[in-house]
There are 2 protein chains.
Amino acid sequence: MFTGPIQDLIEEFSKLPGIGPKSAQRVAFHLLKLPAEDARRLSDAIQVVKDKVRLCERCFNVSDQDLCGYCSDARRDQSVICVVQEPPDIVALERTREYRGLYHVLQGAISPIEGVTPEHLRIRELLFRLQTPLDPEAPPVSEVIVATNPNTEGEATAMYLARLIGPSGIRVSRLASGLPVGGDLEYADEVTLGRALEGRRSLTG
Amino acid sequence: MFTGPIQDLIEEFSKLPGIGPKSAQRVAFHLLKLPAEDARRLSDAIQVVKDKVRLCERCFNVSDQDLCGYCSDARRDQSVICVVQEPPDIVALERTREYRGLYHVLQGAISPIEGVTPEHLRIRELLFRLQTPLDPEAPPVSEVIVATNPNTEGEATAMYLARLIGPSGIRVSRLASGLPVGGDLEYADEVTLGRALEGRRSLTG
């Protein structure tokens, strides 16, 4: 065990997700060797995030403005909303370059075991958005794509949203489950393979 | 990709050793959710380490004083110096509770490939220590235990030190190489097993 400031730093780093005591020690000694201004940049970046970053008041993505970059971008398709659990999911979807609509971040998924009920999520705010467009001239929302995680909590949340939004006539869709591209059928788990079979697509039109 | 402060934070974390872009993102979003004072503790700890922590002027371990805790502890055996590459090696040795002598941190090992020559290491300072005890009343140094890593660089450094210190009559020893305790002979690599054979110890006295 070290003592004093270096041990304090190791302990603070150990509290972060995915950083064990060994990595924390490695990071602390790395910081010790860095030029002062490089270490300062890291500690400042932490403070700036805490001071500046908040949630977009419409979609609950992270933002340093009242509205995030997606909500304030008039060129995006206002008629589709993709519902995700957390802000990093948006980054993954943007990487596909296939989606040009809006987003809505639930800030979690329904999980009775962890005590997360629909009231804890940003579902009320989603319903409000469907009824109240930001730009009255824009086309109304015609589809909600539920992109929650393909696990029990994500599925439960998707089902809940489908039941809630369905009656309004807005289409509710779900991302396809199936074999990951580049994967190996031999090593696919039976649930994924079952879904891939169930969702099979005709190649003959 | 995110933008603004959160992306800056992700990038700063990605620069740390052992933290890839995915972990950096996870850590950044974790910090975003933390109470402000918890995030402040981490950024302050980084600054305190940079402001306060320096190297012990005698053994080059990290310290927040001129002399580190080991060098200033008169109860430790002043006649043995254990030479290590980096400060975390001291922590590993202290965990054994088998060693009560002093330490000397070389700040690396000889590595011609990486351009590290003996002049880059704290070897001159080690020789100075051997000739000049901190406490003139204390017994002189009788043994230098070289605990550099059991790899090419560490071995080269150990050989170099043995040649350098040997003529003075001070004993220079090296940590034993062999099978790790709790390991499995079947899975030992041939170099380790070779060393274990070479260093075998008589059980019959």
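Note that the structure is a prediction, hence the values are computed from the model and not measured.

**Student:** Looking at this structure, how should I read the overall build of chain A?
**Tutor:** Each helix and strand counted, chain A has seven helices and six strands in total. Starting at the N terminus and ending at the C terminus, chain A contains elements arranged as α-α-α-β-β-β-α-β-α-β-α-β-α. Taken over C-alpha atoms, the radius of gyration comes to 22 Å for chain A, far larger than the 17 Å a tight globule of 205 residues would show. Projected onto its principal axes, the C-alpha coordinates of chain A cover approximately 65 × 50 × 35 Å. The burial tally for chain A puts 42% of its 205 residues in the buried class. Here the analysis covers contacts within chain A between residues at least 6 apart in sequence; of these, 49% occur between residues at least 24 apart. Of the roughly 12,100 Å² of accessible surface on chain A, 54% is carried by carbon and sulfur atoms. Side chains of chain A carry 24 positive and 29 negative charges; the gap between the two charge centres is 2 Å.

**Student:** Mind showing me how you'd approach the relation of the copies chain B and chain A here?
**Tutor:** Both copies of the chain are placed relative to one another by a rotation about an axis and a shift along it. Mapping chain B onto chain A leaves a residual RMSD of 0.2 Å; the transformation is a rotation of 179° accompanied by 0.1 Å of translation along its axis. Taken together, the rotation and translation relating the two chain copies correspond to the operation of a two-fold axis. It is Ser43(B) whose C-alpha, among those of chain B, lies nearest the rotation axis, at 2.2 Å. Of all interface residues in chain B, 98% are interface residues in chain A too; the two copies therefore contact each other through one and the same surface.

**Student:** When you look at the sheet that holds strand E4 (residues 101-105) of chain B in this model, what are you seeing that I'm missing?
**Tutor:** Note on sheets: strands pair through backbone hydrogen bonds, and any given pair is parallel or antiparallel. Residue and element names in this part refer to chain B. Strand order across the open sheet formed by four strands is E4-E3-E5-E6, with parallel pairing between neighbours. Every other strand in the sheet has two partners, leaving E4 and strand E6 (171-174) as the edge strands with one partner each. On average, each strand axis in the sheet is inclined to that of its neighbour by 25°, with strand direction left out of account. Where strand E3 (residues 77-84) and strand E5 (residues 143-146) come together, four bridges link them in parallel fashion. Residue pairing across strands places Cys82 opposite Ile145, the latter belonging to E5. Contacts from helix H5 (residues 123-131) reach E3, E4 and E5, with the element oriented near 155° to E4. Running over the sheet, helix H6 (residues 152-165) touches E3, E5 and E6 and is turned about 170° from E6.

**Student:** Which parts of the structure should I look at to understand the interface of chain B and chain A?
**Tutor:** Often the size quoted for an interface is simply the accessible area lost on bringing the parts together. Taken together, the contact pairs 48 residues of chain B with 47 residues of chain A. Between chain B and chain A, a total of about 4,200 Å² is buried, with carbon and sulfur atoms accounting for 71% of that surface. Linking chain B with chain A are four salt bridges, by the criterion used here. In this structure, Glu86(A) and Lys33(B) form a salt bridge, with 3.5 Å as the shortest nitrogen-oxygen distance.

**Student:** Help me understand the sheet that holds strand E4 (residues 101-105) of chain A in this model?
**Tutor:** Residue and element names in this part refer to chain A. As summarised here, the arrangement of the four strands in space is E4-E3-E5-E6, forming an open sheet in which the pairing is parallel. Since the sheet does not close on itself, it has two edges, and those belong to E4 and strand E6 (171-174), each with one partner. Strand-to-strand twist in this sheet, taken as the mean axis angle between neighbours without regard to direction, amounts to 25°. Pairing analysis gives four bridges linking strand E5 (residues 143-146) to E6, with the strands arranged parallel. Residue pairing in the sheet places Glu143 in a bridge with Arg171 of E6. Here helix H4 (residues 87-95) sits on the sheet and contacts strand E3 (77-84) and E4; the angle it forms with E4, its principal contact strand, is near 155°.

**Student:** Honestly, the pairing of E4(A) in this entry has me stumped. Any pointers?
**Tutor:** Both faces of the sheet carry side chains from a regular strand, because those side chains alternate between them. Residues and elements named next belong to chain A. With five of five residues buried, E4 lies mostly within the body of the structure. Bridge count between E3 and E4: five bridges; the pairing is parallel. Bridge pairing links Cys82 to Tyr103 in E4. Viewed along the sheet, the connection from E3 through H4 into E4 turns out right-handed.

**Student:** What should I look at first to understand the pattern of salt bridges in this one?
**Tutor:** For side chains of opposite charge, pairing can occur when their charged atoms come near one another. Counted under the stated rule, the structure contains 24 salt bridges over all chains. Close ionic contact of Glu125(B) with Arg122(B) constitutes a salt bridge, the shortest N to O distance being 3.2 Å.

**Student:** Is there a simple way to think about the packing of helix H1 (residues 4-14) of chain B against helix H2 (residues 21-33) of chain B in this case?
**Tutor:** When two helices pack together, their arrangement is captured by the angle between the axes and the distance separating the axes. All names here are of chain B. Following both chains from N to C, one finds H1 and H2 inclined at 130°, their axes separated by 8 Å at the closest point. Considering the angle they form, H1 stands oblique to H2. For H1 against H2, the interelement crossing comes out right-handed. Here H1 contributes Ile6, Leu9, Ile10, Phe13 and Ser14 to the contact with H2, which in turn contributes Pro21, Ala24, Gln25, Val27, Ala28, Phe29, Leu31 and Leu32. Here the residues of the contact of H1 with H2 sort into 11 nonpolar, two polar and no charged.

**Student:** What is the right way to look at the nonpolar core in this model?
**Tutor:** Within soluble globular proteins, side chains that are nonpolar generally end up buried alongside one another. Counting 43 residues, the largest nonpolar core has Phe13(A), Phe13(B) and Leu31(B) as its most contacted members. Residue assignment for this core shows that the elements contributing at least two residues are helix H1 (4-14), helix H2 (21-33) and helix H3 (36-52) of chain A together with H1, H2 and helix H3 (36-52) of chain B. Every residue in contact with Phe13(B), bar those within four places of it in the chain, is listed here: Phe13(A), Leu16(A), Leu42(A), Ile46(A), Ile19(B), Ala24(B), Val27(B), Leu31(B) and Leu42(B).

**Student:** What exactly am I supposed to notice about the confidence of the model for chain A here?
**Tutor:** A low pLDDT means the predicted coordinates there should not be read in detail. Residues and elements named next belong to chain A. Averaged over chain A, the pLDDT score is 90; the fraction of residues at 70 or greater is 98%. For chain A, helix H7 (residues 190-198) is the element with the lowest average pLDDT, namely 81, and E4 is the one with the highest, namely 96. This prediction of the complex comes with two scores: 0.73 for pTM and 0.73 for ipTM.

**Student:** I'm lost on the packing of aromatic side chains in this one. Help?
**Tutor:** Any two aromatic rings considered together are summarised by their centre-to-centre distance and by the angle between their planes. Under the defined criterion, the tally for this structure stands at five aromatic pairs over all chains. When the ring of Phe13(A) is compared with that of Phe13(B), the centres are 6.4 Å apart and the planes differ by 80°; the resulting orientation is edge-to-face. Taken as a pair, Phe13(A) in helix H1 and Phe13(B) in helix H1 lie in two separate chains rather than in one. Ring centres 5.3 Å apart and planes at 70° place the aromatic pair Tyr70(A) and Tyr103(A) in the edge-to-face group. Of this pair, Tyr70(A) sits in the loop between strand E2 (62-63) and E3 while Tyr103(A) sits in strand E4, placing them 33 residues apart in sequence. Here the aromatic cluster, defined as three or more aromatic residues joined through ring pairs, consists of Tyr70(A), Tyr99(A) and Tyr103(A).

Parameters at a glance
- Residues numbered from 1 in each chain as written.
- Chains lettered and ligands numbered in written order.
- Predicted model: local features only at pLDDT ≥ 70, side-chain atom pairs only at ≥ 80, totals over all residues.
- Heavy atoms only, no water.
- Helix = DSSP H or I, 4+ residues; strand = E, 2+ residues; numbered from the N terminus.
- Rg over C-alpha atoms; globule rule 2.2 N^0.38 Å.
- Buried < 20%, exposed > 50% of the residue type's maximum accessible area, 1.4 Å probe, protein only.
- Contact = heavy atoms within 4.5 Å.
- Areas by Shrake-Rupley, 256 points an atom, 1.4 Å probe, with all protein chains shown as cover.
- Lys, Arg positive; Asp, Glu negative; His and termini not counted.
- Charge placed at Lys NZ, Arg CZ, Asp CG, Glu CD.
- Least-squares fit on C-alpha atoms with pLDDT ≥ 70 in both.
- Pairing = 2+ DSSP bridges.
- Axes fitted to C-alpha atoms, helices over the stretch in contact; angles between N-to-C directions.
- Buried area = accessible area lost by both parts, 1.4 Å probe.
- Salt bridge = Lys/Arg side-chain N within 4 Å of Asp/Glu carboxyl O.
- Right-handed = clockwise from strand over helix to strand, strands pointing away.
- Parallel < 35°, antiparallel > 145°, perpendicular 65-115°, else oblique.
- Left-handed = near helix turned anticlockwise from the far one by under 90°.
- Nonpolar A, V, L, I, M, F, W, Y, C, P; charged D, E, K, R; others polar.
- Core = buried A, V, L, I, M, F, W, Y, C linked by side-chain atoms within 4.5 Å.
- pLDDT = per-residue confidence, 0-100.
- Phe/Tyr/Trp six-rings, centres within 6.5 Å; stacked < 30°, edge-to-face > 60°.

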